[in-house]
Amino acid sequence: MADPVAVQPPDYGGLLVVDDEPFLRDAVAASLRFLGFEVTTAQTGAEALRLARDRPFDLVVLDVMLPDTNGFEVLTRLRREGCQVPVIFLTAKDTQEDKVTGLTLGGDDYLTKPFGLEELAARIRTVLRRTRPAASGPVLAFADIEFDQDSYEVRRGGHLIDLSPTEFRLLRYLMLNPGRVLTRAQLLAHVWDYDFGGSSTVVSTYVAYLRRKLAQYGPDVIHTQRGVGYSLRLPRPGEQASPGDA
């Protein structure tokens, strides 16, 4: 398979990758995580069904040939149980009949092995955009912070805040994922290009810049989860803000 490229994912996560080939499964999962997606893996149909029942995934990448059943049967059972999660089939068979079967059962796309990881990432983006509602309108809002995506103006409590282009992108991604702890790898994937050759240090630096600018007009809303990443949320009762702790 081709080497992965940094294809910008949409603002979603929660992918389930189902394949019984350990090397392929691990390669796909690692590449998608590199691109900022949250990935869970399964190697059998039974495991995939159990995981899909336990939590709502945004999309399932599902191999057709599995050791205990086949991907078509897994999708049939999911749909019978009312689960409408989007599914992209993976298969070694490049036949029209299999493609028609997968799409007729309610699959959303069909990719034949071998495939490029960048193509899979692009198809995931396309399916998610088609099957999920738009993340937001032109104006994002969190607490007393407003971000106009058309004019790229940010205000807090009515005060206009002067941000750099990178700070704009960082704040936008945080505001699209309020309350969610975002890892440094996810922030690098969504806010920066990997081509610049930097490290997670740049994330900490810009979080500190953005935190100080927002804290001019209200309590600190960017919180550090030590060893993990950052989240945008209101302070909890009794919580001490630490603006300098990026």
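Residues numbered from 1 in each chain as written. Predicted model: local features only at pLDDT ≥ 70, side-chain atom pairs only at ≥ 80, totals over all residues. Heavy atoms only, no water.

A short note on the packing of aromatic side chains
- A complete count under the given rule lists six aromatic pairs for this structure.
- Taken together, a centroid distance of 5.9 Å and an interplanar angle of 70 degrees make the contact between phenylalanine 147 and phenylalanine 168 edge-to-face. Of this pair, phenylalanine 147 sits in strand β7 (residues 145–148) while phenylalanine 168 sits in helix α6 (residues 165–176); the two residues are 21 residues apart in sequence, bridging distant segments of the chain. Residue phenylalanine 147 shares its accessibility class with phenylalanine 168, and that shared class is buried.
- Centroid distance tyrosine 206 to tyrosine 209: 5.3 Å. Interplanar angle 80 degrees. Geometry classified as edge-to-face. (Phe/Tyr/Trp six-rings, centres within 6.5 Å; stacked < 30°, edge-to-face > 60°. Helix = DSSP H or I, 4+ residues; strand = E, 2+ residues; numbered from the N terminus. Buried < 20%, exposed > 50% of the residue type's maximum accessible area, 1.4 Å probe, protein only.)

Quick look at the side chain of arginine 25
- Along the chain, the position of arginine 25 falls in helix α1 (residues 22–34).
- For the buried arginine 25, no salt bridge is present, and the opposite-charge side chain at shortest range is aspartate 26, 4.1 Å distant.
- If near-sequence neighbours (up to four positions away) are discounted, arginine 25 is found in contact with Val17, Asp19, Asp20, Thr41, Ala42 and Gln43. (Lys, Arg positive; Asp, Glu negative; His and termini not counted. Salt bridge = Lys/Arg side-chain N within 4 Å of Asp/Glu carboxyl O. Contact = heavy atoms within 4.5 Å.)

Notes on the pairing of strand β4 (residues 87–91)
- With five of five residues buried, β4 is to be regarded as a mostly interior element.
- Where strand β3 (residues 59–63) lies against β4, four bridges are found, and the strand directions are parallel. Paired with valine 61 across the two strands is isoleucine 88, which belongs to β4.
- With helix α3 (residues 71–80) bridging β3 and the parallel β4, this β-α-β connection has right-handed handedness.
- Two strands pair when backbone bridges link them, and β4 and strand β5 (residues 109–112) are joined in this way by four bridges, in the parallel orientation. (Pairing = 2+ DSSP bridges. Right-handed = clockwise from strand over helix to strand, strands pointing away.)

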